[in-house]
Amino acid sequence: MGTALLYDEEMTKYKLLWVDAACKIEVPERLIVSYEALVRSGLSDRCISIPAREASDSEILLVHSELYLEAVKKTPYMTLEDLKEFTLQFGDVYFHPNIYHCAKLASGSALQLVDSVMTGKVRNGIALVRPPGHHSMHSAANGFCVFNNVAIAARYAKQKYGVKRVLIVDWDIHHGQGVQYCFEDDPSVLYFSWHRYEHQNFWPNLRESDYDSVGKESGAGFNINVPWNNVGMENSDYLSVFCHVLLPVAYEFCPDLVLVCAGFDSAIGDPEGEMCATPDIFAHLTHLLMNLAGGKLCAVLEGGYNLTSLAQSVCQTVQTLLGDPLPQLANLRGPCKSAVESLQCARSAHRRYWSFLKHATDPPMTDISTKHIKSAMEEEEKTEMAEEERCTEGKVWPEPPERLCPPVCSASVLPDDVACPDGLKRLSSSKDLEPLLVSKLKNRFRTAAVDGDGVTTFSRLYTLIEKLVANEIRNGLVLVPDVAAVMMCVVQDLTSDLVKRVLVVCVGKEKELDYVTTDGKVLVVQISSEDSEEQRSKYYIPVCLKKGCSDTSGFIQAVLGLLLPLGYEYNPDLVLLVRMPGSGVVDSMWQQLIGLLQGFAKGHTLVLMQVNEKACMGSTASALLGHPAPPLQDLQTPFPEDGDALERLRERLQADWKMLQTTS
Ligand SMILES: COCC(O)(O)CCCCCNCCCN
Ligand SMILES: [Zn+2]
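Description of the structure in this document. (Residues numbered from 1 in each chain as written. Chains lettered and ligands numbered in written order. Predicted model: local features only at pLDDT ≥ 70, side-chain atom pairs only at ≥ 80, totals over all residues. Heavy atoms only, no water.)

The next point concerns the coordination of the zinc ion (ligand 2). Note on the zinc ion (ligand 2): its protein donors are Asp172 (OD), Asp172 (OD), His174 (ND1) and Asp265 (OD). The metal-donor distances range over 1.9 to 2.6 Å. Each of the six donor atoms around the zinc ion (ligand 2) contributes to a set of angles spanning 54 to 159°, which defines the coordination as irregular. Mapping the donors of the zinc ion (ligand 2) onto the primary sequence yields the spacing D-x1-H-x90-D. (Donors = N, O, S within 2.8 Å, 3.2 Å for Na, K, Ca; no water. Tetrahedral: all angles 85-135°; square planar, octahedral: opposite > 155°, others 65-115°.)

The structure is reproduced here in structure tokens:
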């Protein structure tokens, strides 16, 4: 299924008609450069173009009052003076004779997107709209917004399609207070927002934008705010919050639909955000949400005022929605102190509502009320800090790397008597291995793994790895008689001169891995049921689940809170996913794991499975081909021992692996 793209140039036909410093950044060019970048890159042609439409009165009234709608209806007929007068009653927003029409098109576009996704016409999509929406409230325009596009879309999806749970992820750099007010008492809509806050010193300067606004009444726990109290946040900070706050809760919430308030003023170069995250971060933020809700994801444009980073960020987002390989993120140094404090506060505020956060530790006690004073002093310090140290608009950043689709998506190396799953390309051509390598294999492994057939297998395997590294193939599935033996061989002999870093993810445990690296060429993360008496090194990390890999709750928690952060920091060139026989891992979890691992090594994942587990080749192939993984239904509360052990493991490892930090 494809990706929808909604854009209508009518929404570029309104602008600021008078002088207003607060509003001058919201210009029609924002939409023009975004769409033109998609056209120029060829991405728009790969999308399914869906026409915009006007939202009806009743659709707008899902969120807004009749009083407000009737008032806005009058604006097309107002004189310039009347428009100025009318605007005065609201904050940081402007009206124009054509803005009501455009606001209806913006909301209607979001609804068209929901229809396309919910009817299965497309898998996911993006609506490029203006005016944006997340600040507008029941009876008020605010922050360039007239109607709350995403809030209307959420209510519409529930009403028309009986959607039970909607996740709204707001990565715009401003707090979408309009969305928060709309759903704060509603447990069926989980609203997550990060936003520049600076201890309430940043617009919209609301006390209720802080991390302790967790929702009200039955909505308690369903509103997550992560305030950024410093500027200059980087890719590490954003990924840490996704791995340690948003994703654990999102998986536990198990939404039927994901809506994204896709504001790109959180990208480097933006005058509003003053952050330092690069445009390719949005490729990963999008990817990390794409295995929720069976892939049903609707992104709706909100902010973004640096026309260069906006256009690049939009392209990165669309390319991921289309299923293209992800760019590698280098030099993730872990979250800064301020970010760790914010994510720890958010985790602690939500500990009581989400079993996946139950082991969050409290931040060091600092009285919130004194934060104002503290921040005033910090403000002092910051202005003393050399200006160029902070990210200002003059900042430059590299063009995001090209994300080329390999000619072959998924290849397989199988015993000749095993049928190749649909969609996979069986790798038959196998070059003869160097005699030296063959003899090395033979004397290293006396097992059956390298008899006549074995050598064929190894030479095909070697060919497959060569093609992965050459980006001729994206990923591969290998079935062998002896998984453990072949894993050793791959790690020790077949990859050494081909890749710099291999991430080995071992699901289940047949026997001790007698191969532990110290030089960092291989990072092994083993998830199984037994504790490993093996001494842990920085590069061999055993995760023990009390009930083993069949415990999906414990498994996904270990993946989100440990494997993902580690993987991002390690930044491998190849991922080797090994399914030990009898691991007991549940199929949907196995597919989720394959989906999430696509974020590393440009998607170069090599799955190694035992021949006697060929029954799950179909679901493995489906995940490798990029089909969304099925949702993890009714996750139980993870075992306390497991949650505790994970927390302790993170604390012990965070000295070596900064991305594991969740406590300041
Ligand atoms: C949903 O709208 C997208 C948005 O969140 O980006 C709107 C931001 C309004 C920012 C208002 N203050 C501007 C001060 C100028 N220095
Ligand atoms: Zn914004």
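What follows is about helix H6 (residues 99-118). Taking 1.5 Å per residue, 20 residues should reach 28 Å; H6 reaches 28 Å between its end C-alpha atoms and fits that length. Within H6, 18 of the 20 residues are buried, which leaves it mostly tucked inside the rest of the structure. Two residues or fewer past H6, Gly120 is found with a positive phi of approximately 80°. (Helix = DSSP H or I, 4+ residues; strand = E, 2+ residues; numbered from the N terminus. Expected span 1.5 Å × (residues − 1). Buried < 20%, exposed > 50% of the residue type's maximum accessible area, 1.4 Å probe, protein only.)

The relative placement of two packed helices comes down to the angle between their axes together with the axis-to-axis distance. Viewed as axis vectors pointing N to C, helix H9 (residues 235-253) and helix H17 (residues 552-570) meet at an angle of 160°, and their least axial separation amounts to 10 Å. Taken as axis vectors, H9 and H17 run roughly antiparallel relative to one another. Helix-helix and strand crossings are classified by hand; for H9 and H17 the assignment is right-handed. Here Leu239, Cys243, His244, Leu247, Pro248 and Tyr251 of H9 lie close against H17, whose contacting residues are Ile556, Leu560, Gly561, Leu564, Pro565 and Tyr568. Here the residues of the contact of H9 with H17 sort into 10 nonpolar, two polar and no charged. (Axes fitted to C-alpha atoms, helices over the stretch in contact; angles between N-to-C directions. Parallel < 35°, antiparallel > 145°, perpendicular 65-115°, else oblique. Left-handed = near helix turned anticlockwise from the far one by under 90°. Contact = heavy atoms within 4.5 Å. Nonpolar A, V, L, I, M, F, W, Y, C, P; charged D, E, K, R; others polar.)

Attention shifts here to the sheet that holds strand E3 (residues 124-127). With parallel pairing, eight strands are arranged side by side in an open sheet as E2-E1-E3-E8-E7-E4-E5-E6. Of all the strands in the sheet, the pair left with one neighbour each is strand E2 (48-49) and strand E6 (223-228). Where strand E5 (residues 189-196) meets E6, six bridges bridge the pair, whose relative direction is parallel. Across the sheet, residue His195 finds its bridge partner in E6, namely Pro227. Along the sheet face, helix H7 (residues 149-161) touches strand E4 (166-170), E5, strand E7 (257-262) and strand E8 (297-301) and points at about 170° away from the line of E7. Sitting on the sheet, H9 touches E4, E5 and E6, and the angle it makes with E5 is about 170°. (Pairing = 2+ DSSP bridges.)

Let us look at the side chain of Gln312. Within the element layout of this structure, Gln312 appears in helix H11 (residues 307-321). Relative accessible area serves as the criterion here: at 13%, Gln312 is assigned to the buried category. Not counting the four nearest positions on each side in its chain, Gln312 is found in contact with Pro279, Trp397, Glu399 and Pro400.

Now for the packing of aromatic side chains. For the structure shown, the criterion picks out 26 aromatic pairs. Note on Trp194 and Trp228: the rings are 5.7 Å apart at their centroids and 50° apart in plane angle, and the pair reads as tilted. In this pair, Trp194 sits in strand E5 while Trp228 sits in strand E6, placing the two residues 34 residues apart along the sequence. Considered together, Trp194 and Trp228 belong to a single accessibility category, that of buried residues. Where Phe253 meets Trp354, the ring centres are 6.3 Å apart and the plane angle is 80°; that geometry is what we call edge-to-face. Here Trp354 lies in the loop between helix H12 (337-350) and helix H13 (371-384) and Phe253 lies in helix H9, a separation of 101 residues in the sequence. Taken as a pair, Phe253 and Trp354 share a single burial class, namely buried. An aromatic cluster is built from Tyr68, Phe86, Phe90, Phe95, Tyr100 and Phe147, whose rings are joined through pairwise contacts. A cation over a ring is seen here: Arg130 above Tyr14, with NZ or CZ 3.8 Å from the ring centre. The lysine or arginine in question, Arg579, covers the ring of Trp590, its NZ or CZ lying 4.8 Å from the ring centre. (Phe/Tyr/Trp six-rings, centres within 6.5 Å; stacked < 30°, edge-to-face > 60°. Lys NZ or Arg CZ within 6 Å of the ring centre and 35° of its normal.)

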